[in-house]
Amino acid sequence: MGAATVPASSSRSMAVLAILVAASFLAAATAASPVPAIYVLGDSLADVGNNNHLPTILRADFPHNGIDYPGKKATGRFSNGKNSVDFLADNLGLASPPPYLALSSSSANYVNGVNFASGGAGVSNDTNKGQCIVFDKQIDYFSSVSASLSQSLGQTQAAAHLSKSLFAITIGSNDIIHYAKSSSAGDSPQPFVDALIQTLTAQLQRLYDLGARKLLFLGTGPVGCCPSLRELSATKDCSAIANDASVRYNAAAASLLAGMATRHPDMSYALFDSSAALLQFINQPAKYGFAEAKAACCGLGDMNAKIGCTPLSFYCSNRTSHIFWDFYHPTETTARMLTSTAFGGSAPLIFPINIRQLSVL
């Protein structure tokens, strides 16, 4: 028996319907927010569940993660609750973009934003290779999304949609953590940082070529102060090597973005100095409402930093008093406060403009 043939008129009707549905999603998003969508790329600080779909040990889809998330559900976020991307979306009046690997291939989903971030990812594809969606692969996935949007909306409208959307990027912490654990005292991190920036330059240029025009770059935090690296020190001090690399990396990323904006007048950006912002909390915890700035809330061993947050781990009763949720990641409270600073703050922590100003350009 032969296959049924769909009449040409029916095919055209279905194509028109698909375009109308995508356009309706686009119109609804645009009406509710100064930006129609957020596209997120990065690491575990922004992952909302992509790693749930990977055969990896770098996962957070189990207790006690999510203990303060609506429904007390472990969603794959490396947090006791919401992360920075969730708060970014809240501030913009948008739903937090869903994880790419959980979506169907329907472009109607893509028009509302997508989160490609994957726990463990770094600027280098060698960082946690085989355990995450490497950054270049995340960009590959976005390329597919961009092509799908062009097909459903038409190239002109798709380009306009992407040019108004916000691209949030947080990447580099895992590279620096790996570097700090393998380097020796006295080593200069500059050659390492230079190599990262060379790779990052090509990656951000590719995003621009694919339609990104509003870039929010969330710089690396003072990763040397995360409980995992503190725990390696006999005195439980922050790793000076890691923090130095983070400062240099953020400064180089700032120069990179400024250069891109000069070459591409239609590109705008905001860079958040997560390192300087979080160090304020760490150096003066009581001033910002924290009681514990060194140990993790959830984990096992010295400073709750020997083993990560698992169902067998201990966790603190008052998460709002801790800066760190587990041995690497901030609590929901810390993420909310940092995002608030990035959204409405000013230089030198967020520059040359803040997120609110970037969103309305």
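Refer to the preceding data block for the structure.
Keep in mind the model is a prediction, meaning the values are calculated, not measured.

**Q** When you look at the overall build of the protein in this model, what are you seeing that I'm missing?
**A** Within the protein, the secondary structure is distributed over 12 helices and 10 strands. Over its C-alpha trace the protein gives a radius of gyration of 21 Å, about what one expects of a compact globule, namely 21 Å for 361 residues. For the protein, the C-alpha atoms occupy an extent of roughly 75 × 45 × 40 Å along the three principal directions. Of all 361 residues assigned to the protein, the portion counted as buried reaches 54%. In the protein, once contacts between residues fewer than 6 apart in sequence are set aside, the share between residues at least 24 apart is 72%. Counting only carbon and sulfur atoms, one obtains 58% of the accessible surface of the protein, whose full area is about 15000 Å². Positive and negative side-chain charges in the protein, numbering 23 and 22 respectively, have mean positions lying 7 Å apart.

**Q** Where do I start with the pattern of salt bridges in this structure?
**A** Think of it this way: side chains of opposite charge can pair up when their charged atoms draw near. Taken as a whole and assessed by the stated rule, the structure comprises nine salt bridges. Residue Arg-77 is joined to Asp-86 by a salt bridge in which the shortest nitrogen-to-oxygen separation is 2.7 Å. Residue Arg-77 is classed as buried on the basis of its relative accessible area, which comes to 7%. A salt bridge links Glu-231 to Lys-306, with the shortest nitrogen-to-oxygen separation between them at 3.1 Å.

**Q** In this structure, what is going on with the sheet that holds strand β4 (residues 214-218)? I would like to understand it.
**A** Sheet strands pair by backbone hydrogen bonding; their relative direction is either parallel or antiparallel. With respect to topology, six strands assemble into an open sheet ordered β2-β1-β3-β4-β5-β10, the strand pairing being mixed. Each having just a single partner strand, β2 (114-115) and β10 (350-351) make up the two edges of the open sheet. By the bridge criterion, five bridges tie strand β1 (residues 38-42) to strand β3 (residues 166-170) in an arrangement that is parallel. Considered in β3, the bridge of Tyr-39 is made with Phe-167.

**Q** How should I be thinking about the side chain of Lys-214 in this particular structure?
**A** Secondary-structure assignment places Lys-214 in strand β4. The side chain of Lys-214 sits in the buried core without any salt bridge; Asp-266 is the nearest counter-charge, 12 Å away. Of the polar contacts made by the side chain of Lys-214, one reaches the backbone oxygen of Leu-358; its length is 3.4 Å. There is a polar contact of 2.7 Å between the side chain of Lys-214 and the backbone oxygen of Leu-361. Beyond its immediate sequence surroundings of up to four residues, Lys-214 is in contact with Val-35, Ser-163, Lys-164, Ser-165, Leu-166, Phe-167, Ser-268, Leu-358, Ser-359, Val-360 and Leu-361.

**Q** In this structure, what is going on with the pairing of β3? I would like to understand it.
**A** Within a regular beta strand, the side chains point alternately toward one face of the sheet and then the other, so they alternate between its two faces. Counting buried positions along β3 yields five of five residues, so the element is predominantly enclosed. Of the two faces of β3, the one holding Leu-166, Ala-168 and Thr-170 and the one holding Phe-167 and Ile-169 are both buried throughout. Two strands pair when backbone bridges link them, and β3 and β4 are joined in this way by four bridges, in the parallel orientation. The residue bridging Ile-169 from the neighbouring strand is Phe-217, located in β4.

**Q** In this structure, what is going on with the side chain of Ser-313? I would like to understand it.
**A** Mapped onto the fold, Ser-313 is located in the loop between β7 (298-299) and β8 (314-315). Here the side chain of Ser-313 touches Gly-308 through a polar contact of 2.8 Å, landing on its backbone oxygen. Beyond its immediate chain neighbours, meaning those up to four positions away, Ser-313 contacts His-64, Cys-298, Gly-299, Leu-300 and Gly-308.

**Q** Can you help me understand unusual backbone geometry in this one?
**A** Excluding glycine, residues mostly have negative phi values, and the peptide bonds linking residues are mostly trans. Here the residue pair Pro-63 and His-64 is connected by a cis peptide bond, since its omega of 10 degrees sits within 30 degrees of zero. Locating His-64 in the fold gives a position in the loop between β1 and α2 (84-92). The phi dihedral of Asn-128 falls on the positive side, at around 55 degrees, and the residue is not glycine. Structurally, Asn-128 is set in the loop between β2 and α4 (135-153). Even without glycine at this site, Lys-236 takes up a positive phi of about 60 degrees. With respect to the helices and strands, Lys-236 occurs in the loop between α8 (227-230) and α9 (240-263).

Cut-offs used in this document
- Residues numbered from 1 in each chain as written.
- Predicted model: local features only at pLDDT ≥ 70, side-chain atom pairs only at ≥ 80, totals over all residues.
- Heavy atoms only, no water.
- Helix = DSSP H or I, 4+ residues; strand = E, 2+ residues; numbered from the N terminus.
- Rg over C-alpha atoms; globule rule 2.2 N^0.38 Å.
- Buried < 20%, exposed > 50% of the residue type's maximum accessible area, 1.4 Å probe, protein only.
- Contact = heavy atoms within 4.5 Å.
- Areas by Shrake-Rupley, 256 points an atom, 1.4 Å probe, with all protein chains shown as cover.
- Lys, Arg positive; Asp, Glu negative; His and termini not counted.
- Charge placed at Lys NZ, Arg CZ, Asp CG, Glu CD.
- Salt bridge = Lys/Arg side-chain N within 4 Å of Asp/Glu carboxyl O.
- Pairing = 2+ DSSP bridges.
- Polar contact = N/O pair within 3.5 Å; in protein donor to acceptor, adjacent residues only side chain to side chain.

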